[in-house]
Amino acid sequence: MAGGGIADERPLKRGHLYEHRFTPYFAFTCIVGALGGSLFGYDLGVSGGVTSMDDFLKEFFPKVYRRKHMHLKETDYCKYDNQVLTLFTSSLYFSALLMTFAASHLTRKKGRKASIIVGALSFLTGAALNAGAKNIAMLILGRVLLGGGIGFGNQAVPLYLSEMAPATNRGAVNQLFQFTTCAGILIASLVNYFTEKVHPYGWRISLGLAAFPATLMLIGGILCAETPNSLVEQGRLEEARRVLERVRGTKNVEAEFQDLLDVSKEAQAVKNPFGTLFKRRYRPQLVIGALGIPAFQQLTGNNSILFYAPVIFQSLGFGSKASLFSSFITNGALLVASVISMLLVDKYGRRALFLEAGFEMICCMVATAVVLAVEFGHGKELSRGISVFLVIVIFLFVLGFGRSWGPLGWLVPSELFPLEIRSAAQSVVVCVNMIFTALVAQLFLMSLCHLKYGIFLLFAGLIVGMSCFICFLLPETKQVPIEEVYLLFETHWFWGTIVKQRDQGASNVKPETV
């Protein structure tokens with residue numbers, strides 16, 4: 001297969017013997033696990049709206065407020081360029097990337113549930129601090145605690161969903177994380193639209209309501225079951241089998257359970273999972289899943305648009321209420337796209353969604369840059385027609401991201417890593433993702449100020465590069481059991497020359513380090 005490099009007949013172990021039936025208990029555990037996405041989504045959506053509210057700016061960033069109203073009727077690329085203001089947003093992500101390493105240890109030793117519960121408690125505390133903030137120090141401390149919640153949640157939830165899901169619909173189940181993320185973003189935009197009218201404390205309501213999804217996640221984390229993979233990893237074998245039977249809806253789980261035991265034996269022999277991740281046999285997983293995809297997800301430019309959608313639309317000549325409404329529309333596109341992706345990902349595969357949506361996103365970024373180069377930046381407001389066109393183009397861009405790099409940026413890394421390095425690798429995934437999220441959040445408004453429309457051409461060029469990365473280096477993982485995904489790299493046209501070929505007489509043993 002060109003690009004994918006997958007042989008027509010994959011070497012399998014016992015995956016073809018797995019059985020499962022849908023059960024209400026399985027649905028409950030997945031919905032509860034997916035609530036972790038709502039924390040990430042709500043904060044992602046609420047931050048940009050709050051930073052565009054006059055009451056918030058007057059209390060904490062009066063210089064930005066005065067600059068905004070000095071030229072209220074002029075469009076201005078640099079109106080919101082303030083590094084302390086962007087630190088309000090990005091401090092959460094710097095915190096998350098540090099906390100994810102603590103989350104890795106907890107996730108491996110105590111299970112996925114423990115990280116979900118700790119993440120919910122941290123997020124709940126941060127929401128309370130932000131809602132009651134009296135100064136910038138309280139705001140930043142609250143954001144740090146919110147970041148801890150996201151660091152723990154994003155570390156554990158994608159693993160939890162991928163491990164609970166059967167191979168045949170693992171893509172759709174894992175994308176519940178993205179669905180609740182998108183739902184959180186959409187709800188946050190709607191909340192901002194109404195609280196913007198509540199003076200002078202509407203912004204406090206917006207920030208404080210983050211406690212609601214955190215409470216749901218805390219309750220769900222207490223009630224839901226631990227994953228069979230984690231229970232086996234902890235040596236709780238009987239409990240692991242009971243949970244596996246319950247989530248699969250059948251007593252005939254011997255093949256899958258035996259695979260879990262096999263990989264667990266190898267996992268227990270790994271004393272330094274972070275060091276093991278860098279060994280040659282895991283080079284494809286490291287490059288694609290731990291470094292490439294989580295970095296590229298942020299370099300699409302989509303999260304910059306979501307962070308600052310209200311600010312962008314105000315800077316492009318929309319009024320305050322219109323900008324919040326416009327961002328609500330684009331966030332609605334993200335939610336619709338996540339549903340589309342859930343329906344298509346296990347039928348057409350990950351690569352197809354990455355590539356076709358990537359082409360759409362490139363076209364949208366180029367179109368945005370061309371319009372702004374011709375019509376914007378001359379001290380005049382954009383015409384109604386041009387403004388509507390920009391909203392439509394951004395809508396289509398978000399629609400493309402929401403069915404590709406958004407959900408797949410979490411799904412694909414979570415299914416690439418074998419058990420012995422899974423929690424450590426997921427920490428690297430979250431860390432890389434948060435580093436680039438924080439950098440993009442911190443630098444976007446400054447880049448918009450200095451590069452002007454060129455920032456959108458930069459994002460278009462980056463999407464071209466990352467689409468080539470997917471085309472040539474990522475094998476298709478749809479419907480492959482999670483414990484057998486590593487086999488795909490042995491038959492891949494490029495990675496097969498890097499990882500050591502399996503010994504012919506030991507078909508059930510993973511290759512040793514080269």
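Residues numbered from 1 in each chain as written. Predicted model: local features only at pLDDT ≥ 70, side-chain atom pairs only at ≥ 80, totals over all residues. Heavy atoms only, no water.

Colleague: Can you walk me through the overall build of the protein in this structure?
Modeller: Looking only at helices and strands, the protein has 22 helices and zero strands in total. Here the protein holds 514 residues, and 62% of them are scored as buried. Sequence separation of at least 24 residues holds for 81% of the intrachain contacts in the protein that already meet a minimum separation of 6. Just so you have it, the protein exposes about 18,500 Å², and 67% of that area is on carbon and sulfur atoms. (Helix = DSSP H or I, 4+ residues; strand = E, 2+ residues; numbered from the N terminus. Buried < 20%, exposed > 50% of the residue type's maximum accessible area, 1.4 Å probe, protein only. Contact = heavy atoms within 4.5 Å. Areas by Shrake-Rupley, 256 points an atom, 1.4 Å probe, with all protein chains shown as cover.)

Colleague: Looking at this structure, how should I read the confidence of the model for the protein?
Modeller: Mean pLDDT over the protein works out to 82, with 84% of the residues at or above the 70 mark. Low pLDDT, under 50, characterises residues 1–12; the stretch is placed with 30 contacts to residues that sit more than four places away or in other chains. Here residues 502–514 scores under 50 on pLDDT; set against residues more than four positions off or in separate chains, the count is 26 contacts. (pLDDT = per-residue confidence, 0-100.)

Colleague: Would you mind going over empty space enclosed by the protein with me for this structure?
Modeller: Gaps between atoms show up when a probe of the same size as a water molecule is rolled over them. For the structure on display, the rule yields eight cavities of 30 Å³ or more. When its volume is computed, the largest cavity comes out at roughly 130 Å³. Considering the residues around the largest cavity, the lining is formed by 16 residues, among which Tyr18, Ala165, Arg248, Glu256 and Ile482 are closest to the centre. Considering only residue class, the lining of the largest cavity consists of nine nonpolar, two polar and five charged. (1 Å grid on protein atoms, 1.4 Å probe; cavity = no way out; pocket = protein on both sides within 12 Å on 5 of 7 lines; lining within 4 Å. Points joined across faces, edges and corners; volume = space filled by probe spheres on them. Nonpolar A, V, L, I, M, F, W, Y, C, P; charged D, E, K, R; others polar.)

Colleague: Can you walk me through the pattern of salt bridges in this structure?
Modeller: Evaluation of the coordinates by the stated rule reveals 18 salt bridges. Of the charged contacts, one joins arginine 350 and glutamate 415 as a salt bridge, the two residues approaching to 3.0 Å between their closest N and O atoms. Placement of the pair is arginine 350 in helix H18 (residues 350–375) and glutamate 415 in helix H20 (residues 405–416), with a sequence separation of 65 residues. For the pair arginine 350 and glutamate 415, one class covers both residues: buried. Taken together, the salt bridges that share partners define one network made up of Arg108, Arg112, Glu163, Glu233, Arg422 and Glu483. (Salt bridge = Lys/Arg side-chain N within 4 Å of Asp/Glu carboxyl O.)

Colleague: Just to check I follow, could you spell out the nonpolar core for this structure?
Modeller: Across soluble globular proteins, nonpolar side chains have a tendency to be buried as a group. With 129 residues, the main nonpolar core has Phe56, Leu161, Ile288, Trp405 and Met434 as its most contacted residues. Ignoring any residue separated from it by four or fewer positions in sequence, one finds methionine 434 in contact with Phe40, Tyr93, Ala96, Leu97, Ile150 and Asn154. (Core = buried A, V, L, I, M, F, W, Y, C linked by side-chain atoms within 4.5 Å.)

Colleague: How should the side chain of serine 338 be read in this particular structure?
Modeller: Counting through the fold element by element, serine 338 comes out in helix H17 (residues 320–348). Of the polar contacts made by the side chain of serine 338, one reaches the backbone oxygen of leucine 335; its length is 2.6 Å. Beyond its immediate stretch of four places on either side in the chain, serine 338 contacts Gln175, Gln178, Phe179, Cys182 and Gly402. (Polar contact = N/O pair within 3.5 Å; in protein donor to acceptor, adjacent residues only side chain to side chain.)

Colleague: Sorry if this is basic, but what is going on with helix H6 (residues 136–164) here?
Modeller: Because the α-helix completes a turn every 3.6 residues, residues three or four places apart line up on one side. Here H6 contains 29 residues, and its C-alpha end-to-end distance of 41 Å stays within 8% of the 42 Å for a straight helix at 1.5 Å per residue. The residue sitting at the N-terminus of H6 and contributing the capping side-chain oxygen is asparagine 135; that oxygen lies 3.2 Å from the backbone nitrogen of alanine 137. (Expected span 1.5 Å × (residues − 1).)

Colleague: Sorry if this is basic, but what is going on with the packing of aromatic side chains here?
Modeller: The geometry of an aromatic ring pair is captured by two quantities: the separation of the ring centres and the angle between the planes. Enumeration over the complete set of coordinates arrives at 14 aromatic pairs. Each ring, one from phenylalanine 40 and one from tryptophan 410, has its centre 6.3 Å from the other, and the planes form 90 degrees; the classification is edge-to-face. Separated by 370 residues along the polypeptide, phenylalanine 40 in helix H1 (residues 24–50) and tryptophan 410 in helix H20 bring together distant segments of the chain. Of the residues examined, phenylalanine 40 reaches a relative accessible area of 3% and is grouped as buried. Judged by relative accessible area, tryptophan 410 falls into the buried class, the value being 3%. Here the aromatic rings of phenylalanine 56 and tryptophan 203 are separated by 5.5 Å at their centres, their planes lie at 70 degrees, and the arrangement is edge-to-face. (Phe/Tyr/Trp six-rings, centres within 6.5 Å; stacked < 30°, edge-to-face > 60°.)

Colleague: Is there a simple way to think about the packing of H18 against helix H22 (residues 454–473) in this case?
Modeller: Between two packed helices, the angle of one axis relative to the other and the distance separating the axes together describe the packing. Running from N to C, H18 and H22 cross one another at 165 degrees; their axes reach a closest spacing of 8 Å. On the basis of the axis angle, H18 is roughly antiparallel to H22. Of the two possible hands of crossing, H18 and H22 adopt the one that is left-handed. Contact residues: H18 offers Arg351, Phe354, Leu355, Gly358, Met361, Ile362, Met365, Val366, Thr368, Ala369 and Leu372, while H22 offers Phe456, Leu457, Phe459, Ala460, Ile463, Val464, Ser467, Ile470 and Cys471. (Axes fitted to C-alpha atoms, helices over the stretch in contact; angles between N-to-C directions. Parallel < 35°, antiparallel > 145°, perpendicular 65-115°, else oblique. Left-handed = near helix turned anticlockwise from the far one by under 90°.)

Colleague: Can you help me understand H22 in this one?
Modeller: The terminal C-alpha atoms of H22, which comprises 20 residues, lie 29 Å apart, in line with the 28 Å expected from a rise of 1.5 Å per residue. Listed in full, the buried residues belonging to H22 are Ile455, Phe456, Phe459, Ala460, Ile463, Met466, Ser467, Phe469, Ile470 and Leu473.

Colleague: Looking at this structure, I do not really get the packing of helix H5 (residues 112–131) against helix H10 (residues 211–223). What am I missing?
Modeller: Put simply, H5 and H10 touch, their axes get as near as 8 Å, and they point 155 degrees apart. In terms of their interaxial angle, H5 and H10 are classed as roughly antiparallel. Where H5 crosses over H10, the two elements pack in a sense that is left-handed. On H10, the residues that touch Lys113, Ile116, Ile117, Ala120, Leu121, Phe123, Leu124 and Ala127 of H5 are Ala211, Ala214, Thr215, Met217, Leu218, Gly221 and Ile222. Residue classes in the contact of H5 with H10 are distributed as twelve nonpolar, two polar and one charged.

Colleague: Teacher, can you tell me more about the environment of tyrosine 93 here?
Modeller: By the element assignment, tyrosine 93 lies in helix H4 (residues 83–110). Judged by relative accessible area, tyrosine 93 falls into the buried class, the value being 0%. Residues tyrosine 93 and glycine 151, 58 residues apart in the sequence, show an inter-C-alpha distance of 8.2 Å.

Colleague: Hey, could you run me through the environment of phenylalanine 152 in this one?
Modeller: Mapped onto the elements of the fold, phenylalanine 152 is located in helix H6. Here phenylalanine 152 falls in the buried class, since its relative accessible area comes to 6%. Along the chain, phenylalanine 152 and threonine 100 lie 52 residues apart, while their C-alpha atoms are 5.7 Å from each other. Each residue touching phenylalanine 152, except ones within four places of it in the same chain, is listed here: Met99, Ala102, Ala103, Leu106, Ser115, Val118 and Gly119.

Colleague: How should I be thinking about a nonpolar patch on the surface in this particular structure?
Modeller: Among the surface-exposed residues, Phe94, Ile435, Leu439, Leu443 and Met446 lie close enough to one another that they form a single nonpolar patch of about 360 Å² accessible area. No other element matches helix H21 (residues 419–451), which puts four residues into the nonpolar patch. Its place among the elements puts methionine 446 in helix H21. On the accessibility criterion, methionine 446 (30% relative accessible area) is partly exposed. (Patch = residues over 30% accessible without salt bridge, like charges linked within 9 Å, V, L, I, M, F, W, Y side chains within 5 Å.)

Colleague: Would you mind showing me how to read the environment of alanine 295 here?
Modeller: Inspection of the secondary structure puts alanine 295 in helix H15 (residues 283–299). Separated by 138 residues in sequence, alanine 295 and asparagine 433 place their C-alpha atoms 5.4 Å apart.

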